[in-house]
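Residues per chain, in single letters:
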Amino acid sequence: MKSTGLCHTDIFMSTGDQNGGPKILGHEGTGIVLKIGSKVTNVSVGDPVILSFTYCDKCPPCKSGVPGYCYEFPQGNLVNNDLEDTFVLDNQKIEAKFFGQSSFSKVGVVNEASVIGVKDLNVDPETLKRFGPLGCGFLTGAGAIYNAGEAKKGESCVIYGLGGVGFAGMMAAKIAGCNPIIGVDINQNKLDLAKKFGATHTILGGDDDEVHKKIVEITGYGADLSLECIGGSRFINNAINNASHCGKIVYVGLGSFTDVLSLPTFPFMMGGKKLIGCTEGNAIPREFIPKMIEWHSKGQFPIEELQKVYKVEDFAQALADMKAGTVVKPILVY
Ligand SMILES: [Zn+2]
Ligand SMILES: [Zn+2]
């Protein structure tokens, strides 16, 4: 591994019911291929790579170009029951295939599906280190807007929750020509940052009625396209309530596993609204990551502005800064 992004999913999976047994987290890795298995065909030893989630490549969603809905996604990415002898602690095998990669380890055994070779894309080694989140957070946000939300020129777009995912969605909305683009967050620093990523307006969140009023004021009828990144039924309901007729609401936020959404059925139907759950940006990493790299090379996807680079030894500081919201996307460099 050369670097890894730090993502809220790492925190989520290390706490509470999700914790389970000992495991190595980390799922936004970049690196250089040291060895390959006998059946690996997509990369060679020495190739620079970006790592993404893993999938079986056999089931219907995988076959139809949306591997984020792979039937083996939970086993492959979140809870890895297929323990190997790669990492052992106190005679106990450790889960070390988080999102097919476990990038919080300097060396890892990575599933082929998780490996995106970038040898032919002219990525210099220093820039490569910044590209780990293209495999997860940025792919999730940009793909949610671009693929799942099918963003169109002139559509009004609201992004709820401005972290790495939300800002990536915002940049994709700008690239697609959405206007206006409204960022909503409870953190004023994030709102100040939002202008750099395409926001035409920002709204300080907290009071749901106020947010609703302001969105209608700015858009006229509500949001044509919404991206909900905060997580939880309250926020999804707000996004539905703030959407225009025929509006599309894409949600990617992680609420609790037991959270239940209760939908206002009549206005939802009469408004022809579309609620879309979305995982991993409806993207095929091998196609969508090169697209984001192209946006980046044209200056349309300035991810460095969201990042702060830390030495891997300063992991605790990086984690604290992300939790405090002072850094959107920490990058740990090995
Ligand atoms: Zn599959
Ligand atoms: Zn992630």
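Reading the values: rules and limits
Residues numbered from 1 in each chain as written. Chains lettered and ligands numbered in written order. Predicted model: local features only at pLDDT ≥ 70, side-chain atom pairs only at ≥ 80, totals over all residues. Heavy atoms only, no water. Helix = DSSP H or I, 4+ residues; strand = E, 2+ residues; numbered from the N terminus. Buried < 20%, exposed > 50% of the residue type's maximum accessible area, 1.4 Å probe, protein only. Polar contact = N/O pair within 3.5 Å; in protein donor to acceptor, adjacent residues only side chain to side chain. Donors = N, O, S within 2.8 Å, 3.2 Å for Na, K, Ca; no water. Tetrahedral: all angles 85-135°; square planar, octahedral: opposite > 155°, others 65-115°. UniProt positions renumbered as here; feature names shortened; annotations may be inferred. Patch = residues over 30% accessible without salt bridge, like charges linked within 9 Å, V, L, I, M, F, W, Y side chains within 5 Å. Areas by Shrake-Rupley, 256 points an atom, 1.4 Å probe, with all protein chains shown as cover. Salt bridge = Lys/Arg side-chain N within 4 Å of Asp/Glu carboxyl O.

Peer 1: Any chance you could explain the side chain of Lys129 here in plain terms?
Peer 2: Positionally, Lys129 belongs in helix H4 (residues 125–129). The class of Lys129 is buried, set by a relative accessible area of 18%. At a separation of 3.0 Å, a polar atom in the side chain of Lys129 contacts the side chain of Glu126.

Peer 1: I would appreciate a short explanation of the coordination of the zinc ion (ligand 1) in the present structure.
Peer 2: The protein atoms that coordinate the zinc ion (ligand 1) are Cys56 (SG), Cys59 (SG), Cys62 (SG) and Cys70 (SG), at distances of 2.3 to 2.4 Å. One can describe the site at the zinc ion (ligand 1) as tetrahedral: its 4 donor atoms subtend angles covering 103 to 119° at the metal. In primary-sequence terms, the residues that donate to the zinc ion (ligand 1) follow C-x2-C-x2-C-x7-C. With respect to burial, Cys56 and Cys59 carry one shared label: buried.

Peer 1: Where do I start with the UniProt feature "domain: Alcohol dehydrogenase-like C-terminal" (unreviewed entry) in the chain in this structure?
Peer 2: Those places that UniProt annotates as "domain: Alcohol dehydrogenase-like C-terminal" (unreviewed entry) correspond, in this numbering, to residues 164–295. Helix makes up 44% of residues 164–295 and strand 21%, and the two end C-alpha atoms of the span are 16 Å apart.

Peer 1: When you look at a nonpolar patch on the surface in this model, what are you seeing that I'm missing?
Peer 2: On the surface, Phe266, Met269 and Met270 cluster together into a nonpolar patch covering about 370 Å² of accessible area. Tracing the chain through its elements places Phe266 in helix H10 (residues 265–270). Given the relative accessible area of 54%, Phe266 is considered exposed.

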